[in-house]
Amino acid sequence: MTKEEADNGRDDMVIDVPGQANAVPDGFNANYLRIYYGKLFPHADMFKWMSYGNDGKHPGCDKSYFGRREFSFTLENDIYIRFQSFNSVTELENSIKEKCPFKIDIGPVYSVDPAKRHAYAQSGNNVFTPVERELVFDIDISDYDDVRYCCTGADVCLECWPLMTIAIKVIDTSLRDDFGFNHILWVYSGRRGVHCWVCDGKARRLTNEQRAAIADYFHVYKGNENSQKKISLPGLVLHPFLARSYTEVLKGFFEAKLLPNQNLLASEERYEKILEMIPDASVASELRRRWQENKRASMSKDDINIVRWEQLKSILQSGKQKMQGLRRCVEEIVFSYTYPRLDMEVSRHMNHLLKAPFCVHPKTGRVCVPIDPNNCDEFDPTTVPTLSQLLEELNRGGLRQDAENEWDRTSLGESVAFFRTSFLQPLLKSCKEEIENSYNAKLQQSKNDLSW
Amino acid sequence: MEVVQSQRKSSSNNVIVSILPLYRSAPPLEVRLEDFEFFAIDRLRVLKGLSDGLCRGKKPEEMEKLVLDLWKANMRHPQAVEEVNKDIISHFVLRLVYCRTEELRKWFLSMETTLFRHRFRWGSSEAQRALMSEFKLPYKAVSNAEFESLKDKLGQVARSMGQTLAAADAIFYKVPFEEVPDLVAGRRVFIHKGHAYVAINQVVSLVVTQFRSYLSKALILTNRKWTSTIREQEKDRLTPIVEALCTSYLGPDYSQQQEFGEISIKDIDQVAKTSFPLCMRHLFEKVKEDHHLKHGGRMQLGLFLKGVGLKLDDALAFWKAEFAPKVSAERFDKEYAYNIRHNYGREGKRTDYTPYSCQKIISVTPGIGDHHGCPYRHFSEENLRAALVRMGVSSRAVEDVMDKVHNRHYQLACTLTFEAVHGSSCDAGINHPNQYFIDSQRVLQSKNGSVA
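Remember, predicted model here, so these are calculated numbers, not experimental data.

> Requested: an account of the overall build of chain B, with residues and values cited.
A tally of regular secondary structure across chain B gives 21 helices and 6 strands. By the burial criterion, 48% of the 452 residues in chain B qualify as buried. Taking all contacts inside chain B whose residues are at least 6 apart in sequence as the whole, residues at least 24 apart take part in 69%. With the model as given, the accessible surface of chain B reaches about 22500 Å², and the carbon-plus-sulfur share is 51%.

> Pulling in residues and values, what's your account of the packing of helix α1 (residues 33-55) of chain B against helix α9 (residues 238-245) of chain B?
All names here are of chain B. Interhelical geometry of α1 versus α9 gives an angle of 15° and a closest axis separation of 11 Å. As far as their axial angle goes, α9 and α1 are roughly parallel. As for how α1 packs across α9, the hand of that crossing is right-handed. Residues Leu33, Phe36, Glu37, Ala40, Ile41 and Leu44 of α1 pack against Leu238, Ile241, Val242 and Leu245 of α9. Of the residues belonging to the contact of α1 with α9, the class tally is 9 nonpolar, no polar and 1 charged.

> Give a description of the packing of aromatic side chains that names residues and reports values.
Taken as a whole and assessed by the stated rule, the structure comprises 53 aromatic pairs over all chains. With centroids separated by 6.0 Å and ring planes inclined at 55°, the aromatic side chains of Phe66 of chain A and Phe71 of chain A adopt a geometry described as tilted. Residues Phe66 of chain A and Phe71 of chain A agree in their burial class; the two are buried. Their ring planes at 85° and their centres at 5.8 Å tell us that Trp319 of chain B and Phe323 of chain B sit as a pair that is edge-to-face.

> I'd like to hear about the UniProt feature "binding site: [4Fe-4S] cluster" (unreviewed entry) in chain B, residue by residue, with values.
All names here are of chain B. On the UniProt side, "binding site: [4Fe-4S] cluster" (unreviewed entry) is annotated at positions that read Cys279, Cys358, Cys374 and Cys414 here. Their sequence span is 136 residues, while the largest C-alpha to C-alpha distance among them is just 9.9 Å; these annotated residues converge on one region. Inspection of the secondary structure assignment puts Cys279 in helix α11 (residues 278-290). Non-local contacts of Cys279, meaning those with residues more than four positions away in its chain, are made with Gln300, Gly373, Pro375 and Pro433. Turning to its location among the elements, Cys374 is positioned in the loop between α16 (358-363) and α17 (375-378). Residue classification places Cys374 among the buried positions, given a relative accessible area of 9%.

> Help me get a handle on the interface of chain A and chain B, residues and values and all.
Across the contact, 27 residues belong to chain A and 19 residues belong to chain B. Across the chain A to chain B interface the summed buried area is about 1800 Å²; carbon plus sulfur atoms make up 61%. Counting across the interface, chain A meets chain B through 2 salt bridges. In this structure, Glu178 of chain B engages Lys202 of chain A in a salt bridge whose closest nitrogen and oxygen atoms are separated by 3.8 Å. Those elements that place two or more of their residues in the side of chain A that touches chain B are α6 (162-178), α8 (208-218) and α9 (240-261) of chain A. The element that contributes the greatest number of residues to the side of chain A that touches chain B is α8 of chain A, accounting for 7 residues. Here the side of chain A that touches chain B is composed, by residue class, of 16 nonpolar, 5 polar and 6 charged.

> Residue-level account of the environment of Tyr246 of chain A, with values.
Residue and element names in this part refer to chain A. Relative to the helices and strands, Tyr246 is located in helix α9. Relative accessible area serves as the criterion here: at 7%, Tyr246 is assigned to the buried category. Along the chain, Tyr246 and Glu331 lie 85 residues apart, while their C-alpha atoms are 7.7 Å from each other. Setting aside residues no more than four positions away along its own chain, Tyr246 makes contact with Lys251, Val330, Glu331, Val334 and Phe335.

> Could you give an account of the confidence of the model for chain A, with specific residues and numbers?
Mean pLDDT over chain A: 87, with 87% of residues reaching 70 or higher. For the stretch residues 1-14 of chain A, pLDDT sits under 50, and the model shows 8 contacts to residues farther than four places along the chain or on other chains.

> Please set out the side chain of Ser85 of chain A residue by residue, giving values where relevant.
Position of Ser85 of chain A relative to the elements: it lies in the loop between β2 (80-84) and α4 (89-99). For Ser85 of chain A, the side chain forms a polar contact with the side chain of Asp113 of chain A, separated by 2.7 Å.

> I'd like to hear about the sheet that holds strand β4 (residues 172-176) of chain B, residue by residue, with values.
All names here are of chain B. Spatially, the 4 strands line up as an open sheet ordered β3-β4-β6-β5, and their pairing is antiparallel. Each having just a single partner strand, β3 (140-141) and β5 (190-192) make up the two edges of the open sheet. Examined bridge by bridge, β5 and strand β6 (residues 195-199) share 3 bridges and lie antiparallel to one another. Along β6, the bridge assignment pairs Phe190 with Tyr197. Each of β4, β5 and β6 touches helix α6 (residues 144-160); the most contacted strand, β5, lies at about 130° to it.

Calculation rules
- Residues numbered from 1 in each chain as written.
- Chains lettered and ligands numbered in written order.
- Predicted model: local features only at pLDDT ≥ 70, side-chain atom pairs only at ≥ 80, totals over all residues.
- Heavy atoms only, no water.
- Helix = DSSP H or I, 4+ residues; strand = E, 2+ residues; numbered from the N terminus.
- Buried < 20%, exposed > 50% of the residue type's maximum accessible area, 1.4 Å probe, protein only.
- Contact = heavy atoms within 4.5 Å.
- Areas by Shrake-Rupley, 256 points an atom, 1.4 Å probe, with all protein chains shown as cover.
- Axes fitted to C-alpha atoms, helices over the stretch in contact; angles between N-to-C directions.
- Parallel < 35°, antiparallel > 145°, perpendicular 65-115°, else oblique.
- Left-handed = near helix turned anticlockwise from the far one by under 90°.
- Nonpolar A, V, L, I, M, F, W, Y, C, P; charged D, E, K, R; others polar.
- Phe/Tyr/Trp six-rings, centres within 6.5 Å; stacked < 30°, edge-to-face > 60°.
- UniProt positions renumbered as here; feature names shortened; annotations may be inferred.
- Buried area = accessible area lost by both parts, 1.4 Å probe.
- Salt bridge = Lys/Arg side-chain N within 4 Å of Asp/Glu carboxyl O.
- pLDDT = per-residue confidence, 0-100.
- Polar contact = N/O pair within 3.5 Å; in protein donor to acceptor, adjacent residues only side chain to side chain.
- Pairing = 2+ DSSP bridges.

Structure representation (structure tokens):
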């Protein structure tokens, strides 16, 4: 038997379930993963991405670049190994296939190969230090548990998932329009959230202080279960970023979707939470009185939440309200329910490790696929391909000699194609330009230096 | 910087490019010894005038004008080069003077930074840009066209911070957002496509922060150099000048009698009640009560009386009479008369001593048995209140005075006392006990005049 035949045979043995030629039972295990890493995980694309053009032939390319990137693997049995580094796509691919990590994290590019870090740490000059790292964001729907009543914790459904959608819209728009970033990758985290990778050169070279500044710029929701008022919008008007987010995304979503879907004003328990946010006790009492009276009578066919919201708005926004704190009260309520809740710590430090796209989530079996920010309304977390589903699709396609692009035969094909055309190719084009320009500039500089 | 006693050579290749110097390093100029002192005194007048203005809580527009007036009055020179040289030399001399203790450094840093801020603001845009590039701040001024197109957004940002977009602030600078992380973090700037639009007052504060941080470090270094080498090296030449400079009082010295000519002994009791400031009233009451005063008290009161117009013979008679119950005439002639004559410049090196200014009086700490010093500083609250009531200050005014005392604004407390006692305002504030006396006499004379 040739090796190929032997391999194929092994594959057959693993997948074949008696009675159902192609069916693959749901699950997440090393065997499934092995096939996934063998046939579906886009090693070459990940390599190209992480190389940022330095894998080319141009003299300006930094051959050491990819080798200085840290990866970390979480193996079966929760064994965690850090500071993995590779010098070529083959090394990367072989290591993944061999170790079969349950999770792969990507860290920063260091000043020297992480494998050699001990040698440099000895010198005492602190030479082992991160030098580049994408600007990253992590949004998790479990941080919104106080405003969604359909699910809690790790669960997510189509009623509450839109909270993630609007978070993507708000942050993505700001990253592009305000900060001028272009190469942005949004990824489903596999269970209950999204990750964002900003890959422009400018972003990768941001210092910790600058990252913290961007995180603070986005930081509006400041609270936890112990604090009462979590959103405070002082000032006569909102900063253009907040104003745009409100009028273009948050207001519409809150009034049309979240309010009725989550019945935010339908019951006393729920409307009390909103009334608590009104600083003027007399206004709150007035509304409370009205709503208690109206418990059984339904004045119109309209959704009760919408009716009550209109009442609330009309009292708070009427010209009669002079009190300082009431000026922005309506916006504060909307923001506190809908504004993105970012994990600040993830974004602040260069050395924070973040899960790699196209990993499979151990608890759900779902693949961490990219999300198109321009079409994020269409994204449905409940239909994201799972590991077992993909293997089943592979089975249906039958065995093929052509080991390339197996993902095309599966639901993963769409994601990989999107990753390539919308993200990777434009990014690499821009990287190439950057490398060439920087190289030419250096040449010019050395010419200038030489000619006294 | 070399200090020489011979003629000064002005070297033309030391012309400084930007009009507002950054005082980065002492320039290689030669300075005459007199100029060393006089330039410093002129600059000190500016800094003290500034300090005064700040103490009085002047509004920003008033401060703006004050700084301009002070600078014009003290530091101007018809030739630009000379003016710049004086500017730089005086700054460096004062660095020596004010580097020596933490308190001196704090004051100097504060005043020089305030001065710098105002001078930066009133410079031309080119001068400002030149300075910004010296600080390595790569800012580009926003063109009128661009400003017009962004006016709404810029106005929104201003209003979101509770400010307005005044015409004066219509100068904006465009800078990569990475350069101003603090402003980005606080959402205090409008950002678009990676550029932050920074208002002039924000730029000023960035520039001033740099200036301040640099000067703060420089002062510590100067202090080290002073204590280790300069003070000793220059002990016969510069050190005495330097040490005298920081305590120098810069107003009129009241050593010559002014408008009111002489006061004779019989007048003293009367004027003590009506026109003496509290410090001198207290000393006067004590000498009458105890028939004695210790040295500090004799100096403070004695010189004050000289400034008030008491001739030497009258002074001798006064003290002799007051001390008579405890000190015999012979003992008085032997132990006290000499000192009184000394104060009037009739003995020893014949220096005609000048009466103490408030600054000097406030700075001394009376010991046991002493009654000199500033009562606003040293009296217990109870004693001070009682003393003020005895002076005829209304209880409402006493509260205002005590408020100033609690905030350590002793001269302002004395000023309020003056105003309460005389029923008229004292805009200039009290800086010298003799000034209090003269102003008091003036007020009383004009009142008597109108009554008569």
